[in-house]
Amino acid sequence: MRKALTIGEVLVEIVATTKGDGFLRAQPLIGPFPSGAPAIFIDQLGRLGTPCAIVSRVGDDDFGRVNIDRLRADGVDVSGIEIAPGESTGSAFVRYRDDGSRAFVYNIRHSACGNLRPTAASEALIDSCDHLHVMGTALSAPGLGQMVMEAARRIKARGGTLSFDPNLRAEIMDAPGLREAIAEVVEMTDLFLPSGEELFLFAPAGDEQAAVDALLDRGMTTIVVKRGAQGASLFERGLRLDAAPIAVTEIDPTGAGDCFGGAFLSFWLAGAAPRQALRYANAAGARAVTQLGPMEGASTREELDALMGDMERIAQ
Ligand code: ADP
């Protein structure tokens, strides 16, 4: 089976349990939950039984261990997570405003992952994998970004494949070298996983189909547009599939896009039909929002089958 790799920040998240204006009103806080977009993504792949690994760096602390233990238990190869004595694992605090939007306090500027550099273990891991998943946020950090680019070139040169979730936020767009890195990643991308309007950042066009066609012309084979509570759409040359959203009660949207992407990739790498990959990914994204905690909503195949089975029974 083909093995997938991602490279990026592993952190813990502390989550407010009530809505409120300010952290003191949003008490009590719970956690620490294992988190970090690349970690959530790869955990979802591991839970679905796809061979996978992550390259990251954590401190020699409980925040690092909570991540390593979870990822290992879910089947992820953690040999590429370096433990750095005297450094700290990153953390983030999340609360919900009264209107449902999220406010974050990040503590990752000086995290151990910021000092991630190639090691013998990470190089060996990169050479053992056939697919790389790239997160836009990873490209904005200098050392990390460079490692991701080198891994991408190596895996593609060996005939491997690449997926790209831009996950671009306004505050990182001016990072030095980010635009050049993104342009190179787009040329190497086989599977593209943008969110809604993000698509148009990569192909300015009058409508979605024109934007998709422009990207397919540049060599992408599959484009899946995530639409939050509106479901998702898949595009390949001459093919469009739409997945209606699964009706769920949203508890915590953090991690939905990563669980969606991880589930899609799991089926895509296994050579599943596009319709099946989209169906399972749509269910994985929906189930993710029903669980409090970013990685807590990553699903097993049985959990996805149960959710889809429930939906079919309700529809009858
Ligand atoms: P991102 O965080 O990357 O923007 P989305 O929020 O679009 O990702 O979520 C990814 C996918 O998860 C969606 O395309 C959809 O399939 C599913 N999803 C997300 N939120 C909901 C929801 N509230 N109800 C049902 N499905 C959802």
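Residues numbered from 1 in each chain as written. Predicted model: local features only at pLDDT ≥ 70, side-chain atom pairs only at ≥ 80, totals over all residues. Heavy atoms only, no water.

By the naming in an unreviewed UniProt entry, the chain goes by Sugar kinase and is assigned to Paracoccus mangrovi. Its UniProt record gives the chain the following Sequence similarities (unreviewed entry) comment, quoted word for word: "Belongs to the carbohydrate kinase PfkB family." (UniProt positions renumbered as here; feature names shortened; annotations may be inferred.)

A.B. asks: Before we move on, could you go through unusual backbone geometry and cite the residues and values that matter?
C.D. replies: Going from Gln-27 to Pro-28, the amide bond is cis rather than trans, its omega being -10 degrees. Take Pro-28: it is sitting in the loop between β2 (11-16) and β3 (29-35). In this structure, the amide linkage connecting Gly-31 to the following residue, Pro-32, adopts the cis form with an omega of 0 degrees. Turning to its location among the elements, Pro-32 is positioned in strand β3. For Asn-167, which is not glycine, the phi dihedral falls at a positive 45 degrees. Mapped onto the fold, Asn-167 is located in the loop between β9 (161-165) and α6 (178-188). What makes Asn-167 partly exposed here is its relative accessible area of 25%. (Helix = DSSP H or I, 4+ residues; strand = E, 2+ residues; numbered from the N terminus. Buried < 20%, exposed > 50% of the residue type's maximum accessible area, 1.4 Å probe, protein only.)

A.B. asks: Could you give an account of the site of the ligand, naming the residues involved and the relevant values?
C.D. replies: Around the ligand lies a shell of 17 residues, among which Ser-195, Lys-226, Gly-228, Gly-231 and Asn-282 are the nearest. The side chain of Ser-195 places a nitrogen or oxygen atom 2.8 Å from an oxygen atom of the ligand. In this structure, an oxygen atom belonging to the ligand sits 2.7 Å away from a main-chain N or O atom of Gly-228. Notes on the ligand: free accessible area 540 Å², of which the protein chains cover 82%. When contributions to the shell around the ligand are tallied by element, the ones reaching two or more residues are α9 (256-269) and α10 (274-288). For the shell around the ligand, the residue count by class is eight nonpolar, six polar and three charged. (Near = heavy atom within 4 Å. Polar contact = N/O pair within 3.5 Å; in protein donor to acceptor, adjacent residues only side chain to side chain. Areas by Shrake-Rupley, 256 points an atom, 1.4 Å probe, with all protein chains shown as cover. Nonpolar A, V, L, I, M, F, W, Y, C, P; charged D, E, K, R; others polar.)

A.B. asks: I'd like to hear about the pattern of salt bridges, residue by residue, with values.
C.D. replies: Taken as a whole and judged by the stated rule, the model has 22 salt bridges. One salt bridge in this structure joins Glu-303 and Arg-287, with 3.5 Å as the shortest N-O distance. Of this pair, Glu-303 sits in helix α11 (residues 301-315) while Arg-287 sits in helix α10, and the two are 16 residues apart along the sequence. The class for Glu-303 is partly exposed, based on a relative accessible area of 29%. Relative accessible area serves as the criterion here: at 14%, Arg-287 is assigned to the buried category. (Salt bridge = Lys/Arg side-chain N within 4 Å of Asp/Glu carboxyl O.)

A.B. asks: Go over empty space enclosed by the protein, please, and point to the residues and values.
C.D. replies: Scanning all chains against the criterion turns up one cavity of 30 Å³ or more. Quantified by volume, the largest cavity comes out at close to 40 Å³. What lines the largest cavity is simply Pro-118, Glu-123, Ile-126, Met-147, Glu-150, Ala-151 and Arg-154. Elements with a minimum of two residues in the lining of the largest cavity: α3 (120-128) and α5 (142-157). The leading source of residues in the lining of the largest cavity is α5, at four residues. (1 Å grid on protein atoms, 1.4 Å probe; cavity = no way out; pocket = protein on both sides within 12 Å on 5 of 7 lines; lining within 4 Å. Points joined across faces, edges and corners; volume = space filled by probe spheres on them.)

A.B. asks: Lay out the environment of Gln-209 in plain terms, naming residues and giving numbers.
C.D. replies: Of note, Gln-209 is situated in helix α8 (residues 208-217). Given a relative accessible area of 34%, Gln-209 falls into the partly exposed group. With 31 residues separating them in the primary sequence, Gln-209 and Arg-240 have C-alpha atoms 9.1 Å apart.

A.B. asks: A description of the side chain of Lys-226 should follow, citing residues and the corresponding values.
C.D. replies: Within the fold, Lys-226 resides in strand β11 (residues 222-226). Overall, Lys-226 belongs to the buried group, its relative accessible area being 9%. Within the structure, the side chain of Lys-226 is placed 2.7 Å from the side chain of Asp-165, a separation counted as a polar contact. With near-sequence residues (within four places) excluded, Lys-226 lies in contact with Asp-165, Leu-193, Pro-194, Ser-195, Gly-196, Gly-231, Ala-232, Gly-257 and Phe-260. (Contact = heavy atoms within 4.5 Å.)

A.B. asks: Describe the sheet that holds strand β5 (residues 81-84), and please don't skip the residues or the numbers.
C.D. replies: On the basis of which strands lie adjacent, the open sheet formed by nine strands has the order β5-β4-β1-β8-β9-β10-β11-β12-β13 and mixed pairing. The sheet terminates laterally at β5 and β13 (239-243), the two strands that pair on one side only. The sheet contact formed by strand β10 (residues 191-192) and β11 spans two bridges and is parallel. From the neighbouring strand, Phe-192 faces β11, where its bridge partner is Ile-223. Against the sheet, α6 engages β8 (131-135) and β9, with an angle of about 130 degrees to β9. (Pairing = 2+ DSSP bridges. Axes fitted to C-alpha atoms, helices over the stretch in contact; angles between N-to-C directions.)

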